[in-house]
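Spelled out from the first residue to the last, the chains are:
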Amino acid sequence: MISKFSLFVQIGRVVMINQGQFINKTAVILDVLDQNRVLVHGPTTGVDRHVINLKWVSLTKIVLPVQRGARSASLNAAIKKVELEKKVAELPASKLIAARAAKSALCDFGRFKLRVQKSKLNKKVTGLVRQKVNEANRAAHKKAVAQKAKHTKKVPKTK
Amino acid sequence: MKRATGEILNVTELFEHKPTKVKNFGVFLRYNSRSGTHNIYKEYRDVTRVGAIAQMYDEMASRHSAREKSIHIIDIKEIPAKLCRRANTTQFHDSQIKFPLTHRIPRNGLYKSVFSAKRPHTFMC
């Protein structure tokens, strides 16, 4: 049977922690206790080796080649080998977190500037969309007129 | 334990030698159900004995409606994988274990508010 799933709970899977003390940090699954809980460790991200509920994490597409219950040294080596930090930074979840952090760090003037930029961009987009729609409408109108002319030409006039 | 059925002689906090290693625990216990007394054996996977016993109390309350006062723990042992008997324990004895999370409920961000314009995506492949 072909599975539709591509993300699995497995030894070495890198997870993003979404709740609790280690929120927004990544860790690696090192053991599976049962269907709800796993043992995770993130030596480079400051996540202690501990048991976490799978409801608190989201799976990422990164899997490290580590053994079950791997010790810190071998885990560190595996992390170094695949340059995990770089890979993690490229994850959409990490980008979202970084963007949120940058936004919340803005001062009042920064938020104002953001608002102005956003409204400028939106106006530009609306203008472009309107332009395209108008063009399409015009083309459709032209086509309709041409077709109508063709149609009327073909039909001979009857007295 | 109820005060009428016994008396606390000693209280010792249990510290684990390796609290970051996943272990299998076998628990022997006796409990009083509504109709009689039973001796049973249960297995749990946890990192501490305290965690395993907490799991046991939860399970006894849910499956057997047995509260703490009617449960008497006879023994708890860490057991090697090859001596585990319960399928629910042995199914996790696999270093290549692999399973998807089929139904995910997002708990932060967009879906914190009561009403939302978007339906959540619960299926994550």
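Residues numbered from 1 in each chain as written. Chains lettered and ligands numbered in written order. Predicted model: local features only at pLDDT ≥ 70, side-chain atom pairs only at ≥ 80, totals over all residues. Heavy atoms only, no water.

The name given to chain B in an unreviewed UniProt entry is S60 ribosomal protein L18a, and the organism recorded there is Tieghemostelium lacteum.

An unreviewed UniProt entry lists chain A under the name S60 ribosomal protein L14, with Tieghemostelium lacteum as the source organism. Quoted straight from UniProt, the Sequence similarities (unreviewed entry) entry for chain A says "Belongs to the eukaryotic ribosomal protein eL14 family." (UniProt positions renumbered as here; feature names shortened; annotations may be inferred.)

> Hey, could you go over unusual backbone geometry for me, with residue numbers and the actual values?
Residues other than glycine seldom take positive phi values, yet Glu83 of chain A does so here, at roughly 50°. With respect to the element layout, Glu83 of chain A can be found in the loop between α1 (72-82) and α2 (84-89). Residue class for Glu83 of chain A comes out partly exposed when judged on its relative accessible area of 45%. Non-glycine residue Ser65 of chain B carries a positive phi angle of around 50°. (Helix = DSSP H or I, 4+ residues; strand = E, 2+ residues; numbered from the N terminus. Buried < 20%, exposed > 50% of the residue type's maximum accessible area, 1.4 Å probe, protein only.)

> Run through the UniProt feature "domain: KOW" (unreviewed entry) in chain A, naming residues and quoting values.
Within this numbering scheme, the UniProt entry marks residues 12-41 of chain A as carrying the feature "domain: KOW" (unreviewed entry). Structurally, residues 12-41 of chain A is divided into 0% helix and 57% strand, and its ends, taken at the C-alpha atoms, are 10 Å apart.

> Before we move on, can you summarise the nonpolar core with the specific residues and values?
Generally speaking, nonpolar side chains in soluble globular proteins are found buried as a group. The biggest cluster of nonpolar side chains holds 37 residues, and the ones touching the most others in it are Val9, Val32, Val38, Leu64 and Val66 of chain A. When contributions to this core are tallied by element, the ones reaching two or more residues are β2 (13-17), β3 (26-32), β4 (37-42), β5 (47-53), β6 (57-63), α1 and α2 of chain A. Looking at which element gives the most residues to this core, the answer is β3 of chain A, with five residues. Of all hydrophobic cores here, the second largest spans eleven residues; its members include Val27, Ala52, Met60 and Ile71 of chain B. (Core = buried A, V, L, I, M, F, W, Y, C linked by side-chain atoms within 4.5 Å.)

> Give a detailed account of the packing of aromatic side chains, specifying residues and quantitative values.
Evaluated as defined, the whole model comprises three aromatic pairs over all chains. Between Phe5 of chain A and Phe123 of chain B, the aromatic rings sit 5.1 Å apart at their centres with planes inclined by 50°, giving tilted as the arrangement. Of the two residues, Phe5 of chain A sits in the segment before β1 (9-10) while Phe123 of chain B sits in the segment after β4 (98-99), which places them in two different chains. Classification of Phe5 of chain A as buried rests on a relative accessible area of 19%. Under the relative-accessibility criterion, Phe123 of chain B is labelled partly exposed at 44%. (Phe/Tyr/Trp six-rings, centres within 6.5 Å; stacked < 30°, edge-to-face > 60°.)

> Account for the UniProt feature "domain: Large ribosomal subunit protein eL14" (unreviewed entry) in chain A, with residues named and values stated.
What UniProt calls "domain: Large ribosomal subunit protein eL14" (unreviewed entry) maps, in this numbering, to residues 49-121 of chain A. Annotated as residues 49-121 of chain A, this span is 60% helix and 16% strand, and its ends, taken at the C-alpha atoms, are 45 Å apart.

> Give me the lowdown on the environment of Lys120 of chain A, citing residues and values where you can.
The residue Lys120 of chain A is located in helix α4 (residues 108-154) in this model. Along the sequence, Lys120 of chain A and Glu83 of chain A sit 37 residues apart, while their C-alpha atoms lie 39 Å from each other.

> A description of a nonpolar patch on the surface should follow, citing residues and the corresponding values.
A cluster of nonpolar side chains, Leu121, Val125, Val129 and Val133 of chain A, forms an exposed patch at the surface whose accessible area comes to about 340 Å². With respect to the helices, strands and loops of the structure, Leu121 of chain A is situated in helix α4. (Patch = residues over 30% accessible without salt bridge, like charges linked within 9 Å, V, L, I, M, F, W, Y side chains within 5 Å. Areas by Shrake-Rupley, 256 points an atom, 1.4 Å probe, with all protein chains shown as cover. Salt bridge = Lys/Arg side-chain N within 4 Å of Asp/Glu carboxyl O.)

> With reference to specific residues and values, describe the side chain of Thr60 of chain A.
Residue and element names in this part refer to chain A. Residue placement: Thr60 occurs in strand β6. Among the residues examined, Thr60 registers a relative accessible area of 7% and is labelled buried. Polar contacts involving the side chain of Thr60 include one to the main-chain carbonyl oxygen of Val14, which spans 2.6 Å. Not counting residues within four places of it along the chain, the set of residues in contact with Thr60 comprises Leu7, Arg13, Val14, Val15, Met16 and Leu91. (Polar contact = N/O pair within 3.5 Å; in protein donor to acceptor, adjacent residues only side chain to side chain. Contact = heavy atoms within 4.5 Å.)

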